Amino acid sequence: MPAPNWENLDAFFGQDDFAVPVTIRRGEVVLWQGSAIFDDGNAPSGLGDLEHDLSSPHLICSADDVAGVDEGDEAVVDGKVWDVMSEPERDGTGLARVILAKPNVAYRA
């Protein structure tokens, strides 16, 4: 199934609304710099006395923007560094989810 033909996905990623500045790099090489919606899955969530399952922290952005991103890259999200855990997960609408984790030097051996 082809992705819908959105006129301009940038309309979804205005920093005046929900998006934050993001830079994704591999070593010193910047792969992409722009805006994305960030969901910190580590933040507590709940509704009244009910607690919700937490997801991994992740970015939602244009799939084309992050096509070259892969596991082991770094994402700087609103000034904070995160590790990219896998290649972006395309959702079929032109958007992708990039799963992140707090930096951990143990698995970089």
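What this report covers is the structure whose coordinates are included nearby.

Comments concerning the pattern of salt bridges
Then, number 1: Applying the stated rule across the entire model yields three salt bridges.
Then, number 2: Residue Arg-25 is joined to Glu-74 by a salt bridge in which the shortest nitrogen-to-oxygen separation is 3.1 Å. On the criterion of sequence distance, the pair formed by Arg-25 in strand 1 (residues 20–26) and Glu-74 in strand 6 (residues 74–77) is long-range, its members being 49 residues apart.
Then, number 3: For Arg-25, a relative accessible area of 27% corresponds to the partly exposed category.
Then, number 4: A salt bridge links Arg-26 to Asp-73; the shortest N-O distance between them is 2.7 Å. With Arg-26 in strand 1 and Asp-73 in the loop between strand 5 (58–62) and strand 6, this residue pair connects regions lying 47 residues apart in the sequence.
Then, number 5: Asp-73 gets classed as buried once you look at its relative accessible area, which sits at 2%.

With respect to the pairing of strand 7 (residues 80–84)
Then, number 1: Pairing of strand 6 with strand 7 involves four bridges; the strand directions are antiparallel. If you follow Ala-75 over to strand 7, its bridge partner there is Trp-82.
Then, number 2: Count of turn residues in the strand 6/strand 7 antiparallel hairpin: two residues, of which Asp-78 carries a positive phi of about 50°.
Then, number 3: Bridge analysis of strand 7 against strand 9 (residues 95–101) gives two bridges, and the strand direction is antiparallel. Bridge pairing in strand 9 links Val-84 to Leu-100.

Procedures and definitions
Residues numbered from 1 in each chain as written. Predicted model: local features only at pLDDT ≥ 70, side-chain atom pairs only at ≥ 80, totals over all residues. Heavy atoms only, no water. Salt bridge = Lys/Arg side-chain N within 4 Å of Asp/Glu carboxyl O. Helix = DSSP H or I, 4+ residues; strand = E, 2+ residues; numbered from the N terminus. Buried < 20%, exposed > 50% of the residue type's maximum accessible area, 1.4 Å probe, protein only. Pairing = 2+ DSSP bridges.

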